[in-house]
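Chain and residue survey
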Amino acid sequence: MTVLHGFHHIKLPVSDVRKSADWYERVLGLDVAIEFVEQGELRGVAMRDAGQSLMIALREEPGRATALGGFDPLALGVPTLAALRAWAARLDDLGVPHSGIAEGSIGWLVGGVTDPDGIEIRLYTLQQRTETP
């Protein structure tokens with residue numbers, strides 16, 4: 001069988017690549033790794049986390065970003081409930097609205113985190129639920 005090994009990256013449409021890149025940097029702590037410049041204009045970026053474990057590409061596509069608003073296509077893994085609590089505190093410190101910690105199917109999650117286009121990002125624990133938040 002041909003082997004797959006996780007995701008290389010995920011690409012999200014955004015209405016304003018600079019504004020969105022600033023948000024993903026400020027809120028999620030991602031850094032721009034690659035800029036995609038076409039005909040002299042920035043049209044997209046690829047952003048990485050400090051641990052180099054994930055890459056999110058943002059592509060300037062306003063119509064598609066509007067269509068995706070209100071949907072939650074991205075759930076980021078957080079190792080433990082303690083780490084999720086730290087994320088909730090970080091979001092609070094930044095003034096970023098979120099759902100608070102809730103029980104997910106097998107772990108815990110923080111939802112309601114929306115980027116500048118209203119695309120929801122969720123944070124899910126990889127740790128399974130054996131205690132309450």
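Our subject in this report is the structure included herewith. Nothing here was measured: the structure is a model prediction, and the numbers come from that model.

1. Points about helix H3 (residues 81–94)
- Here H3 spans 20 Å end to end across 14 residues, near enough to the 20 Å set by a 1.5 Å rise per residue.
- Among the residues making up H3, those that are buried are Leu 81, Leu 84, Ala 88 and Leu 91. Along the axis of H3, the buried residues cluster in a sector spanning 70 degrees; they form a single face. For H3, the exposed residues set more than 90 degrees away from the buried face come down to Ala 82 and Asp 93.
- Positive backbone phi, approximately 75 degrees, marks Gly 95, located one or two places after H3.

2. Quick word on the layout of surface pockets
- Put simply, the largest pocket is a space of about 570 Å³.
- Lining the largest pocket are 24 residues, with Ser 53, Leu 54, Ala 75, Leu 76 and Gly 77 positioned closest to its centre.
- Of all elements in the fold, only strand E4 (55–60), strand E5 (74–78), H3 and strand E8 (120–125) reach the threshold of two or more residues within the lining of the largest pocket.
- Among the elements that take part in the lining of the largest pocket, E5 stands out by supplying five residues, more than any other.

3. Structural notes on the pairing of E4
- By the criterion of burial, E4 is predominantly enclosed, with five of the six residues buried.
- When strand E1 (residues 10–14) meets E4, the two strands line up parallel, connected through five bridges. By the bridge assignment, Lys 11 is partnered in E4 with Ala 57.
- One ladder, built from five bridges, connects strand E3 (residues 41–48) with E4; its direction is antiparallel. Residue pairing across strands places Val 45 opposite Leu 58, the latter belonging to E4.

4. Brief notes about unusual backbone geometry
- Positioned with a positive phi, Gln 39 is a non-glycine residue whose angle comes to about 50 degrees.
- In this structure, Gln 39 sits in the loop between strand E2 (31–38) and E3.
- The residue Gln 52 is not glycine, and still its phi comes out positive at about 60 degrees.
- Structurally, Gln 52 is set in the loop between E3 and E4.
- For Gln 52, a relative accessible area of 53% corresponds to the exposed category.

5. Focus: the pairing of E2
- Here E2 pairs with E3 via seven bridges, running antiparallel. Considered in E3, the bridge of Ile 34 is made with Ala 46.
- Linking E2 back to E3 in an antiparallel pair, the connection comprises two residues, with Gln 39 at a positive phi of about 50 degrees.

6. A short note on the environment of Asp 49
- Residue position: Asp 49 is located in the loop between E3 and E4.
- In this structure Asp 49 comes out as buried when scored by relative accessible area, which is 15%.
- A polar side-chain atom of Asp 49 sits 2.9 Å from the main-chain amide nitrogen of Leu 54.

Criteria and cut-off values
- Residues numbered from 1 in each chain as written.
- Predicted model: local features only at pLDDT ≥ 70, side-chain atom pairs only at ≥ 80, totals over all residues.
- Heavy atoms only, no water.
- Helix = DSSP H or I, 4+ residues; strand = E, 2+ residues; numbered from the N terminus.
- Expected span 1.5 Å × (residues − 1).
- Buried < 20%, exposed > 50% of the residue type's maximum accessible area, 1.4 Å probe, protein only.
- Arc of directions from axis to C-beta.
- 1 Å grid on protein atoms, 1.4 Å probe; cavity = no way out; pocket = protein on both sides within 12 Å on 5 of 7 lines; lining within 4 Å.
- Points joined across faces, edges and corners; volume = space filled by probe spheres on them.
- Pairing = 2+ DSSP bridges.
- Polar contact = N/O pair within 3.5 Å; in protein donor to acceptor, adjacent residues only side chain to side chain.

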